[in-house]
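Now for the letters of each chain:
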Amino acid sequence: MCHFPTRMADEEDETGFDEELDDGSGGVDVGHGKRKRLFSKELRCMMYGFGDDQNPYTESVDILEDLVIEFITEMTHKAMSIGRQGRVQVEDIVFLIRKDPRKFARVKDLLTMNEELKRARKAFDEANYGS
């Protein structure tokens, strides 16, 4: 767990979001440069885990978050245009990243781990509660 012992007044509030006006846009840039930051806390922890300072510059976190949002948005739009129209399914994402060996391997690992966790939970529930 990444925990920052000190908190600057201009950093995140206790909800984990930057103190910005919620304009109801769902985190989408509304043209005047201010939007709710959705992944700041997680990105700060990831940056620290990959060797950045424990408290990276807010501008660096914001740029990285913009890139993440852009990537997620583009992948979602592409996934919605293939397969079943208007729906995003795991198979669509796998199809889109199939030619990127690193992403494909990571997705496969995560999907395999997800299945293992489901089986373990089911076995645990059956052992404790009997089905």
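Being a predicted model, the structure only gives us computed values, none of them experimental.

Asker: Hey, could you go over the overall build of the protein chain for me, with residue numbers and the actual values?
Answerer: For the protein chain, the count of helices and strands is 4 helices and 0 strands. Looking at the protein chain residue by residue over its 131 residues, the buried ones come to 18%. Put simply, of all contacts in the protein chain between residues at least 6 apart along the chain, 30% involve residues at least 24 apart. A total accessible area of about 10300 Å² is found for the protein chain, and carbon and sulfur atoms account for 57% of it.

Asker: Describe the side chain of R37, with residues and values.
Answerer: Locating R37 in the fold gives a position in the segment before α1 (40-49). Residue R37 is classed as buried on the basis of its relative accessible area of 8%. Engagement of the side chain of R37 in a polar contact is seen with the side chain of D66, the distance being 2.9 Å.

Asker: Break down the side chain of D92 for me, with residues and values.
Answerer: Position of D92 among the secondary structure elements: in helix α3 (residues 90-97). Although D92 is buried, it makes no salt bridge; R87 carries the closest opposite charge, 7.9 Å away. When residues no more than four places from it in sequence are discounted, the contact partners of D92 are A79, I82, G83 and R87.

Asker: Help me get a handle on the confidence of the model for the protein chain, residues and values and all.
Answerer: Here the protein chain averages 80 in pLDDT, and 73% of its residues register 70 or above. Element-level mean pLDDT values for the protein chain span from 94 in helix α4 (residues 101-129) up to 96 in α1. Scored below 50 in pLDDT, residues 4-32 makes 35 contacts in the model with residues more than four places away or belonging to other chains.

Asker: I'd like a description of the pattern of salt bridges, backed by residues and values.
Answerer: Applying the stated criterion across every chain, the model contains 5 salt bridges. Two residues, K103 and D100, come together in a salt bridge whose shortest N-O distance is 3.5 Å. Two residues, K118 and E115, come together in a salt bridge whose shortest N-O distance is 3.7 Å. Of this pair, K118 and E115 both sit in helix α4, 3 residues apart, roughly one helical turn. E115 sits in the partly exposed class, given a relative accessible area of 38%. Connected via shared salt-bridge partners are R37, D62, E65 and D66.

Asker: How would you explain α3 if you had to name every residue and give the values?
Answerer: Every buried residue belonging to α3 is among D92, V94 and I97, and all of these are buried. Those residues of α3 hidden inside the fold are in contact with α2 (58-81) and α4.

Asker: Tell me about the environment of E42, and please be specific about residues and values.
Answerer: On the secondary structure map, E42 appears in helix α1. By relative accessible area, E42 is classed as partly exposed at 44%. In sequence terms E42 and V61 are 19 residues apart; their C-alpha atoms lie 9.7 Å from each other.

Reading the values: rules and limits
- Residues numbered from 1 in each chain as written.
- Predicted model: local features only at pLDDT ≥ 70, side-chain atom pairs only at ≥ 80, totals over all residues.
- Heavy atoms only, no water.
- Helix = DSSP H or I, 4+ residues; strand = E, 2+ residues; numbered from the N terminus.
- Buried < 20%, exposed > 50% of the residue type's maximum accessible area, 1.4 Å probe, protein only.
- Contact = heavy atoms within 4.5 Å.
- Areas by Shrake-Rupley, 256 points an atom, 1.4 Å probe, with all protein chains shown as cover.
- Polar contact = N/O pair within 3.5 Å; in protein donor to acceptor, adjacent residues only side chain to side chain.
- Lys, Arg positive; Asp, Glu negative; His and termini not counted.
- Salt bridge = Lys/Arg side-chain N within 4 Å of Asp/Glu carboxyl O.
- pLDDT = per-residue confidence, 0-100.

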